[in-house]
Structure formats: C-alpha cells, structure tokens
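Chain by chain, the residues:
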Amino acid sequence: MCAQRKHDREFVRTFFTSPTAVEGEDDSAKMLRRASQLRGMESPDVWVPDNEDATAPSMRDEGAENIVDVVSEEGAEFPGEIHPRIVWHRDDPSTRYQGFQHMLQIADPEKGAVEHVDGFVVPEVGDIDDWKKADEFFTIVETEHGLEEGSLTMSVIIESGQAELALGDLREEMGKPTNNLERLFLLVDGEVDYTKDMRAMTPTGELPPWPELRHNTSRGASAAGLIAVDGPYDDIRDIEGYHERMTDNQAKGMLGIWALTPNQVVEANTSPLPPKTGSWLLEVDGRDVELREADGRYIYDGDELELEETGDEEYRLHADGTERELDADELHEELLERTAYVPSMNDIVDSMEEFEAAKEAGRGAIAMEQSATVVISGTEVEVTRDRMWDEATYQAAQTPITLFQDVYENRSDQHEELEEMYGEEVVERAMQVG
Amino acid sequence: MCAQRKHDREFVRTFFTSPTAVEGEDDSAKMLRRASQLRGMESPDVWVPDNEDATAPSMRDEGAENIVDVVSEEGAEFPGEIHPRIVWHRDDPSTRYQGFQHMLQIADPEKGAVEHVDGFVVPEVGDIDDWKKADEFFTIVETEHGLEEGSLTMSVIIESGQAELALGDLREEMGKPTNNLERLFLLVDGEVDYTKDMRAMTPTGELPPWPELRHNTSRGASAAGLIAVDGPYDDIRDIEGYHERMTDNQAKGMLGIWALTPNQVVEANTSPLPPKTGSWLLEVDGRDVELREADGRYIYDGDELELEETGDEEYRLHADGTERELDADELHEELLERTAYVPSMNDIVDSMEEFEAAKEAGRGAIAMEQSATVVISGTEVEVTRDRMWDEATYQAAQTPITLFQDVYENRSDQHEELEEMYGEEVVERAMQVG
Amino acid sequence: MCAQRKHDREFVRTFFTSPTAVEGEDDSAKMLRRASQLRGMESPDVWVPDNEDATAPSMRDEGAENIVDVVSEEGAEFPGEIHPRIVWHRDDPSTRYQGFQHMLQIADPEKGAVEHVDGFVVPEVGDIDDWKKADEFFTIVETEHGLEEGSLTMSVIIESGQAELALGDLREEMGKPTNNLERLFLLVDGEVDYTKDMRAMTPTGELPPWPELRHNTSRGASAAGLIAVDGPYDDIRDIEGYHERMTDNQAKGMLGIWALTPNQVVEANTSPLPPKTGSWLLEVDGRDVELREADGRYIYDGDELELEETGDEEYRLHADGTERELDADELHEELLERTAYVPSMNDIVDSMEEFEAAKEAGRGAIAMEQSATVVISGTEVEVTRDRMWDEATYQAAQTPITLFQDVYENRSDQHEELEEMYGEEVVERAMQVG
C-alpha cells in the first residue's frame, strides 16, 4: 500500500499555539479569542489551543472550557484547522486520564465545538504502545459522542528518545486491526523537552540542533504518509535565525514549523513558498552571499573576493587567501562553481511548463539556461549556467508547487496576499502546472 | 513504564581502562595497582581493568588473576565503581567462552574480589541476540556463585553496525521474561573497531566523527534508562581536541567519555560540570571566540571584526568582508546575535533559585538578565541579554546540576576539589536546588 | 553468524548505468554496445544496463531485447560484473509485473545472456515486504529457467523513507526460511527520488546532502554483509565536487558511487585507492589546504596564515585574526595541530609491514614517525609527527589495502594502469601484506 496522506491538508506550514486560559485577565480566554480572529498570512495552517505547557496547570480545566466556548463561536470562520493540545505523559497515568477527560469534554457535540475541531495534539508520548493508549482514548471519545471512528486526527509531539524510536514503527503499526493509528496527522518535534529527556547540555544553554531527530521525524512522516513539523524557535526576535532553521528543515523534508507569535506565523507561512524574484548567490569563504541586483547586474559588495582584469581576457582572482591568474574560460569555470541561482516562483513555473511541452513533444530531457552579469570589485563577468531537466528533476522541483497548490486550495483567506506577492497571472499558471 | 535508571550512578563522566597484565615487569599487575590508588579528580567514575585490547592475548589469564588480586586488596577503598572488561566477540564462540570463564573466576566470592566488582564490560557485541548470550553467562555466573540474579551490571562496547542497530531494540527487549537485560548499565562507543567494521576510511587515517552513531547510542540510553559513554580519544596530548569532543558529545546527551590517562580522567571528570566563572563568546567569521575579561570589561583581541564610533551613537562595523553603518540600536541588535554568555555554576544556581521562588509566588515565567561591556577594536559597547525562563527552561538547565549532585553524593573523595573550585557556599546551594 | 559477504566482489567502487535503448539512432543499442567495450580504469566494477530511468518508457521492451543481444555477445569479455536494472515500483503492481517479465526474458538461458549476468538492480523498493516481492520474482525466474536458487544477486535502490527504514530489518530478515534475501548484493542510494519522496527542497534546487541516509545505508550494509553505494552526482563537469563527495562517503564506510560517464568511472575507480605520493595538509581558517611540495619542502602559498621568526627560536604567528608570540616548542605544538599527513600507498604498506614484523617480534604497539619541512611566508619549520600503531590501528588501516587486493584480484584489465600508477614493486608488496 502506498504511504498516502489521509487528511485534508497535504502540507502544514505553521503550527501556532495559544494559551487556553491566562490568569489575572478579565477574560481568561483573551489569547484564544485573539488567535481565533487571525486571517491571511498571520493565520496558521494548524491552530493549537494549547492546554498543556502554554497554560498553567491550575488553569487547564478552565482552559478546556475556554476552548469549547471560543471554538464553538469562532471555529466556523477560522480559516485553518483547529487541533487543541491536551495534557499527556508517558510516565504519568493521572496526566493521561486528565487529557482523556478534557478530550471527552471538548468533543461533546452538544457543546458545538467539535464540528470545528480537526483533531487533538498529544504531547510527551513514549514508545508505540503509549501512542496506542492515546489512540484508544480517541476511539472511546468518538464512540461515546457518536462521531465516526477515526474522524479525529491525532498529532503527537516527539520529545523523548523512545518516541523518536517509535517513528520507525509507525508504518508497520498503522495497519493493525486493534488500533486506529491511521488517524495520525502531524509528527511535531519538541526540542526543549527532548533535550531534557536526552540529558543533553550546551555551554550557553541554547538548544542543540538535533539534526538526526529532525531527519528521523521527516523519514517517519514519509514512510507513514504523515506531515513533519519542527518545534518552537524561542528567540522570537531573531527572524534571520528562524529563517535559517526553516531552510535547514526544508532540506530534510520538514516543511512545517511551530510558531509562537503571529509574526512567526507570517514568516513560516511564507518560507516554504518560492520567492517572488530570483536571486544570485556567490560563495565567499565558505558562505553564500546574496548578490545585490542593480540595473540587471548582480553586484558583490564585500571585500573578501577580489577580481581584476589584467589584460585581454586575463584576470587575477584573490580568494581564500590565494591569488590566481585565470583566463576567461578558467574564470567562468571558477564562477560557475561559486555561483548559484535561486529561482523565483515564475522561473519554476516556466521551467515546468517548458519541460511539460518538451515531454509532450517526445523529448525526455531539456537544458534550462540562466545567465547574469556578475560584478566583483568593479569587474564585470558574464555567467551562464545550464541545467539538464529530466523527469526526476521535474518531479523534485514540483514539491514547492504542490505545496503552493495545497495552500491555495485550502486557504482562500490568503489568496489576496498571494496574488499581491506573485501577480495574478503567475498564481494562475502555478495552479495549472504539474 | 518509565525508563528509569536502575543503578547507583545516574551519571558516569569517566570510563578509565588499565591493562590487567603487562609483560616484562616485575609485577605484571603494576598498572592495575597504580590505577587502584587514584583518588579525587584523577580517579574515574568507572574504572575498567581491561582484560581485552589493552592486554596482550597471551597475558589475559594472568590478567584475570591480577584483577582478583588487586581488586580484593584495593577495591574496598576505591572511590569509583569497578567494571572489568572481559573478552568477547560476536563472531567467535571460543572468545566468548574464554570471557565467560574469566567472569566465573573473577566473580568467585571466595576470592574476595566480587564484592567490589559492580559489573563487567563486554566488547564487540553483535545484534541483540548476541547481547542475550552475554547476559545468560552473567546469570549463570551469578547463580553458580550464589549472587543475586541481575546484581552484576553489564556494559557493552558498541563497535559494529549490528550493535548500533541493537540500540533500537533495547527498550523492548529489556522487559522480556527470558533475559536479565535489566542489568545493562553503560553503552560505550568504540570508534576504532567500529570504523573497521563499517569499512570506513579517511585520507589521513584519523577516525571519522560518526555523529549518527553517537546520537543513536545516546538515544538508546535515553529510551532504556542507561548511560551513554563515548570511546577513546587517542591523541592524548591534544587536550583542546578532547574538550571539543566532549562539548560535542554533551550536546548529544552523551555525558561520559573514555579516558586513557589520569590526565584525561581529570579533564573528563571536570568537563560536564559548569565552569567556575561565566564567560562571553563573540561570533567572528563563523567561529565563537571567548572574550578576554579585564576590569569587568570583555575584550575582543582579534582583527577580523572592527568597530569604530563615527559619530554620536553612530558606528561603522567591518565584519564578514563588508562594512556597515549602524546606529546604536542596530549595533546592539547585531551584537546580541553575535554574543552568547556561558553561565557559571553560580549563575545557574542563582537562576534556578530565582525561578523556584517565582514559581512559589505563582509566576510561570521570568526574565533573566545578563549584561556586559564588550570592547571591539577599542570601542566599548554595552550588551544586555535577557532570556525567558519557564518550567521547560528550568528543567533543561537542571541537567548539569543533577549531574553535579550525583557526583557529589557518590564521590566524597572529590568534595575537597569541588569545594576549592566553586567555593563551599556555591556547592551547598547547588546541592539544595532542584 | 558473522555478517559475511557472500558474493565474488567484497568491494564495488563503481556503478555505471547505460541506457538500454535510445530512440532515433540507427542502432538503438549503441550506448550499451559502447559501454560493453570499456576496459581498464574506464570500466566499472558493476555495469548496469539501465532499463529504468535512463531509458524512455516506450523503449523499455526494446531495451530488454538489447540487453540480451549485447550481453550475450560482449558479456564474456566484459571485465566487471553485469547487473541490469529493471523497472519496479512499491506503489504500482503493473510496473512490478513488467519488471518481472523483463527479468524472465533476460534470464532465459537459451538467449545466451544470463551466463554473463550477475544479478538485477531493483529500483524504487518500499518496505521490507516489498523487497520480498522482488526476491520472490527472482526465485521464480531462477526456477523457471533451471538456474540455481539464489544465483542471481539482487541490488536495490534506496529512494524512499520506507526503504531507508527497511535497512534496519535486513539482518533479521535475511535468514528467514521463506525468502532468498541472501541474494542481496548492493544497497544503492538514489537521492533524486529520495528527495522527492521526502518532499525536501532547497532554495537553488540542488540536492540535500542526506548524511543520515548515507550513514544508514552504510550501516545496513555492515550489519548484513552487503556493499553500500552512493547515488549519481549530476554535475558531471564538477570533478572536485565529485571527489569531495567520495571522500565524505568513504568516511561513512560507503566506498562505491554511481558513475554517469566513463570519466566519472575513472575518478570513482581511483578515489578509494591510496594516492601514489603522500602529501601534507595545513589547516587554515577551518579549511585543509594541501601544501605544495618543492625540493622536499612543503610550502603554504596563501596569505591567511603568516609566520615570522622574530628572534632566536622566537616566532610571531598571525592566524584566525590574532597574532601570537610563540617559542619554538609552542610553534611546533601549534603546527602539529594544524598539519596532517596523507600517506601514500607505499607509506601504508611500509607501516603495515613494520607493524607485522614488530608483532612477530612480540611487540604490540610501535611508533611510526613522519617529518617534513613546512614553509609559511618564507619561514621554515621542521614538523615531526608520530603515531602509535597497535592492532586496532593496523586493522583499520587495512581497509584501503583489502580494497586494493580485491580490485587487483578481480580486475586484471586494470593491472597495467595500477602498476603504472604505483610501480610494480609497491603493487607486489601491497598484494602480500595483511
């Protein structure tokens, strides 16, 4: 059987948590209510009224009530999916029972919230048998409330070594007759508690990067037809760091990330979409520097790479601490290795259309060309890259487009912003291609 | 069931091996005897009389006798745990039988050593069924000698791909009725033989870094309630490299490491403990440089970052090959991203106490502030960082403190050195917090 | 049971694919025929007539016929092994059935090709049960054609998350009575389709590095006695990048790689073999720079490291943005850390012979010394490194030699080139050692 995704959304860019009850406010549900009003790029693909860590333990019963109140009132209009997080702990039966009770309460159809609730998020899961305990509670909740078995999705937070190991069992366990694990939806990493569970530490107290955890989560999602989401990025002022983390995640197939603020939601909703305009990168001293575009030329503003034309088609390049004399061909070769092009949405759609036409005409591979005038310490050089596109390139390039299409189909509240960003014509073509 | 640690020590910083019998010496047990005298920071958490690789094959029968002699005489006074390494090989039954015989001999209560022996170390294990063969020999040794079943711990050296895979089976296998795998204690990587088993090679012959192996070992330890220990660091003169390796390990949750010399023991016993004094780091060209403290200011002595005050609250910063004009706010933002603070033991205890008091007072999160005057090319700038502490931050910060407490409780021979290092008052507060 | 390799070759450096049928040529088998003529370093260890991605879907029936034609004519003379790739897909039964039919056809003994065919390559496999479906077709093909059961090897392309997970099951599954998975030979990564399956993306469209996949493939090979091979390196003009990838793979125990052109075959056949001459590396700014040899001295030509003799045995070193005053000992220490020696084939054989002699004489460990005059900004310094060799070092150093021996034994067509490269005497000693 193919590892098919079984739920409405094939991609989830954003997982936004809100406290369910805040003490000392006139309306303890204020944060929930505010989040429920978010629209457009500020509104997440998955909104998580968080009755666990974001809410004080003493406020969680009130939090469950708040979820019911706010979701029953605002849920119909909310553009994303709604997945409350309940309490759970692999090592504590009373916490598990409390989570069960909150689910029972929130899912009661008479209270009017459950029709807008897509599923629940279960934190602190342990090994696969612990996941099954949670799944069993979902099944009982569904049966008690006359909901279809499996209709509530289950998303889990991976925040222990044993849960990471369970990621390898999902594909095999999901088909078994005595569970409803097909309800699984998101696999979300929770690096703060994971770090604690692994007893890891860093000199400055910042979180370790955990590349293997993220790989294994993404692989687990791939093998079981689920969606991988990275954990919270605490330093909410560090937009650049958040972007770097998302780029790193995307190279692992983890296209979604937790968001703690509407600002982070905007960044995370936008990050996996192709950029509006293409750009050129130049590798300098092991780093990729984005070149500044001016009048159609791409300019390197730094001083770590120096280029001088010493004669007719003769050049001197100073880089990485050495000076080399190069002729025009050698220089072009060198710049080919150092430059890279980041295609825009329009570029990707163009290339896909071109390849589709070529395939129609019976050709299996075509060369796509990209040129630019690059300027290094005042010296201009023409760089031309070409890349062979075959069926495999085409299919790999499709991921951002399929994501875009999934977003466009499910998030009509973002149409205006997307059309503003890309232009209507590009959006239309992007919806047709593939 | 919780993955609880079942043994006396919750943390092991140091795994120190000694040859059991050296040819050509008056007393072939000389090295053993000398190691058994080590006290304080020079003495390891786990001492391993090594009757495998450190001892010539022809000397191993004598080595087993030496273990009995030295441990029965010196074991009562030895401050750490004692875990002799016996011979074993997944591919060789006669080696396995030899290891069994040596265990039988060493564990004979009439010889007076076993009361000081905490367990045995089994090298070159294979898949999980091979681990079970070793476990069965432990059980037989215990039964034959009237020891309690499971009283001898078993530690293994992970030095093959199949043993790495077995790390994923431990949690499930340890509960089964036909084995006593609950005796497992340390999971120790052995990168030299692992490299050979994986048929890996590097141009210079140095060992590959094997980050995935170390992750998987640490994760296996987390999932099964065991302790992860890294393998030997051969270049015993390269203290800096040893430290970098330990820092890298700690970020993976692997807090212990092999030590080949008493000097390495000192380094490895100290490394996972918080430093006596805090320090500031500055990121320069992708590297973290520790700033030099002088009169309460923190000075960058290099020339790769240049800062100049060009006017009232106006600055010019040269970094990463580009020059930028920044106002005071932009500069502070830039330095916030580039600096990091490494807290001292005292800082950590302070923060934990402060958070505990806040929690008592009903607050779930508080901001901790850290300020410094940073000096770059003569220009002084004030940097203030604050960090939100919530329950999760608190618990993650606890790892080094829990480790410290485990050390202090189990290693009274190190009290004096620890008190000298941190001061009595800090030690006392560190023992109370958490 | 030991994870023993069960096939003729213990190492495979090169996996070279050729389209089986190209449209619009006079002879659609032209590419196949040309590849079958390759000899010496241009000829791969494993040649893969590729009836899957390299061949248009409409040409694959003709491709199967071409394989039969060319292999029956040229197979007897071909110096490497021959493993055609058939079509397969975990999600598509009709593709699987087509692959089965092509195998039946190619393996028909009356057609004269199968006696030269060593096995088949199965792409796009899924979980372990999908591997068993392919294995069952091999068994039926063998039985129908009167071939010995298990005589055709099966190699798979790992290009999905589920197949990556199956790598952890191989050791356990290969012994089971209802399959013939012992026929497994190569585990080959296919990063293009893997990237698609994992839904990963990068800004520039280049492939992610997938270090964990490559580790897991290599570990799977180690645990099950198989051979790990990396996927295609698309940028066929980028020889330096191809080399870096191979060096990275070798440190993971993945000694083989896909080759798309005879030029890549030469590079990949050569890369895992020790170099003809040794060289010295100097670490500068985090990178390893190869020093230029001139008159027995090793010269650093860059300007990022500066060294000046300021007095009698007193030096000033400028590095990493700081200047330090060092005496002769400190400088030697510093250079020891910054330099590394890449041994030649001759060096490795020398060391092994020396260690073997020492072992014979009853010594378990000896020091190997390496000296050089290093020149930095005109200042000459003598650097002497020594390294302890014990049994473990010896065995780890053996991997490239064992590989060389496997090559020399199986590839007589490369003898001349190997002898030209190393000299006859070194080749002879390399064949004796170990």
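Residues numbered from 1 in each chain as written. Chains lettered and ligands numbered in written order. Predicted model: local features only at pLDDT ≥ 70, side-chain atom pairs only at ≥ 80, totals over all residues. Heavy atoms only, no water.

In this section: helix α8 (residues 211–224) of chain B. All names here are of chain B. For α8, spanning 14 residues, the distance from its first C-alpha to its last is 20 Å, which sits close to the expected 20 Å at 1.5 Å a residue. By the criterion of burial, α8 is predominantly enclosed, with 13 of the 14 residues buried. Just past α8, the residue Gly225 takes up positive phi, approximately 70°. (Helix = DSSP H or I, 4+ residues; strand = E, 2+ residues; numbered from the N terminus. Expected span 1.5 Å × (residues − 1). Buried < 20%, exposed > 50% of the residue type's maximum accessible area, 1.4 Å probe, protein only.)

Moving on: the interface of chain B and chain A. Opposite the 44 residues of chain B that make contact, chain A presents 32 residues. When the two sides are added together, the surface that chain B and chain A hide from each other amounts to roughly 3,100 Å², 51% of it contributed by carbon and sulfur. Among the salt bridges present, the one from Lys252(B) reaches Glu212(A), with a minimum N-O distance of 3.4 Å. In this assembly, chain B and chain A are joined by twelve residue pairs in polar contact (both at pLDDT 80 or more). Looking at the side of chain B that touches chain A, the elements with two or more residues in it are α8, α9 (239–250), α11 (328–338), β16 (339–342), β18 (379–389) and α13 (391–410) of chain B. In terms of residues, the side of chain B that touches chain A owes the most to one element, α8(B), which gives seven residues. (Contact = heavy atoms within 4.5 Å. Buried area = accessible area lost by both parts, 1.4 Å probe. Salt bridge = Lys/Arg side-chain N within 4 Å of Asp/Glu carboxyl O. Polar contact = N/O pair within 3.5 Å; in protein donor to acceptor, adjacent residues only side chain to side chain.)

Backbone-to-backbone hydrogen bonds join strands into a sheet, with any given pair of strands oriented parallel or antiparallel. All names here are of chain A. Strand order across the open sheet formed by four strands is β11-β12-β17-β18, with mixed pairing between neighbours. Strands at the two margins of the open sheet, each flanked by one partner only, are β11 (292–294) and β18 (379–389). For this sheet, the mean inter-axis angle between neighbouring strands, taken without regard to orientation, is 40°. In this sheet, strand β17 (residues 366–376) lies alongside strand β12 (residues 297–300) in parallel orientation, the contact comprising four bridges. By the bridge assignment, Tyr300 is partnered in β17 with Ile376. In this fold helix α12 (residues 345–360) packs onto β17 and β18, with an angle of close to 150° to the strand it touches most, β17. (Pairing = 2+ DSSP bridges. Axes fitted to C-alpha atoms, helices over the stretch in contact; angles between N-to-C directions.)

Turning our eyes to something else, we now look at the interface of chain A and chain C. At the interface, 44 residues of chain A touch 33 residues of chain C. Between chain A and chain C we count four salt bridges in total. When the shortest N-O distance is used, the salt bridge between Asp127(C) and Arg171(A) registers 2.8 Å. For the interface between chain A and chain C, the tally reads twelve residue pairs in polar contact (both at pLDDT 80 or more). In terms of residue count, helix α8 (residues 211–224) of chain A provides more of the side of chain A that touches chain C than any other element does, seven residues in total. Per-class residue counts for the side of chain A that touches chain C are 20 nonpolar, twelve polar and twelve charged. (Nonpolar A, V, L, I, M, F, W, Y, C, P; charged D, E, K, R; others polar.)

For the pair of chain copies, the relating operation is a rotation around an axis with a shift along it. Relative to chain A, chain B is turned by 120° and slid 0.0 Å along the rotation axis, the superposed coordinates differing by an RMSD of 0.1 Å. What we have between these two chains is a three-fold relation. When C-alpha positions in chain B are compared against the rotation axis, the closest is assigned to Glu212(B), at 4.0 Å. Counting the interface residues of chain B, we find that no more than 2% of their copies in chain A are interface residues as well, pointing to two distinct contact surfaces. (Least-squares fit on C-alpha atoms with pLDDT ≥ 70 in both.)

A word on the sheet that holds strand β5 (residues 153–158) of chain B. All names here are of chain B. Strand order in the open sheet formed by eight strands is β3-β2-β1-β8-β7-β6-β5-β4, and the pairing between neighbours is parallel. A strand with exactly one partner marks an edge of an open sheet, and here the two such strands are β3 (81–82) and β4 (119–122). In this structure, strand β2 (residues 46–50) lies alongside β3, joined through two bridges in parallel fashion. Its bridge partner being in β3, Trp47 is matched across the sheet by Ile82. Seen against the sheet, α8 touches β5, β6 (184–189) and β7 (227–230) and runs at an angle of roughly 175° to β6. Where helix α10 (residues 262–270) meets the sheet, its contacts fall on β1 (14–19) and β8 (256–259), and the angle it forms with β1 comes to roughly 170°.

A few words now on the UniProt feature "domain: Malate synthase H C-terminal" (unreviewed entry) in chain A. On the UniProt side, "domain: Malate synthase H C-terminal" (unreviewed entry) is annotated at positions that read residues 280–395 of chain A here. As annotated, residues 280–395 of chain A comprises 28% helix and 52% strand, and the C-alpha atoms at either end are separated by 23 Å. (UniProt positions renumbered as here; feature names shortened; annotations may be inferred.)

Residue and element names in this part refer to chain B. Counting residues in each nonpolar core, the largest one holds 60 residues, and the members touching the most others are Val122, Trp131, Val156, Leu170 and Leu184. Counting residues per element, this core draws most heavily on helix α4 (residues 128–144), which supplies six residues. Setting aside residues up to four positions removed in sequence, Trp131 forms contacts with Val125, Gly126, Met154, Val156, Ile158, Ala163, Ala166, Leu167, Leu170, Leu181, Leu184 and Leu187. (Core = buried A, V, L, I, M, F, W, Y, C linked by side-chain atoms within 4.5 Å.)

Once the domains are mapped, chain A shows domain 1 (14–270) and domain 2 (279–393). Centre-to-centre, using C-alpha coordinates, domain 1 of chain A lies 42 Å away from domain 2 of chain A. (Domains from an automatic or database assignment.)

Take the packing of helix α9 (residues 239–250) of chain C against helix α10 (residues 262–270) of chain C next. The angle between the axes and the distance between the axes are what describe a pair of packed helices. All names here are of chain C. Two elements in contact, α9 and α10, have axes separated by 11 Å at closest approach and are oriented at 35°. For the pair α9 and α10, the sense of crossing is right-handed. The segment α9 lies against α10, with Ile239, Tyr242, His243 and Met246 engaging Gln264, Glu267 and Ala268. (Left-handed = near helix turned anticlockwise from the far one by under 90°.)

For the rest of this paragraph, the subject is the environment of Gly364(C). Mapped onto the fold, Gly364(C) is located in the loop between α12 (345–360) and β17 (366–376). In this structure the C-alpha to C-alpha distance between Gly364(C) and Asp390(C), which are 26 residues apart in sequence, comes to 5.9 Å.

This brings us to the relation of the copies chain A and chain C. Superposition of chain A onto chain C requires a rotation of 120° combined with a translation of 0.0 Å along the rotation axis, giving an RMSD of 0.0 Å. Here only 5% of the contact residues of chain A are again contact residues in chain C; the copies associate through non-equivalent surfaces.

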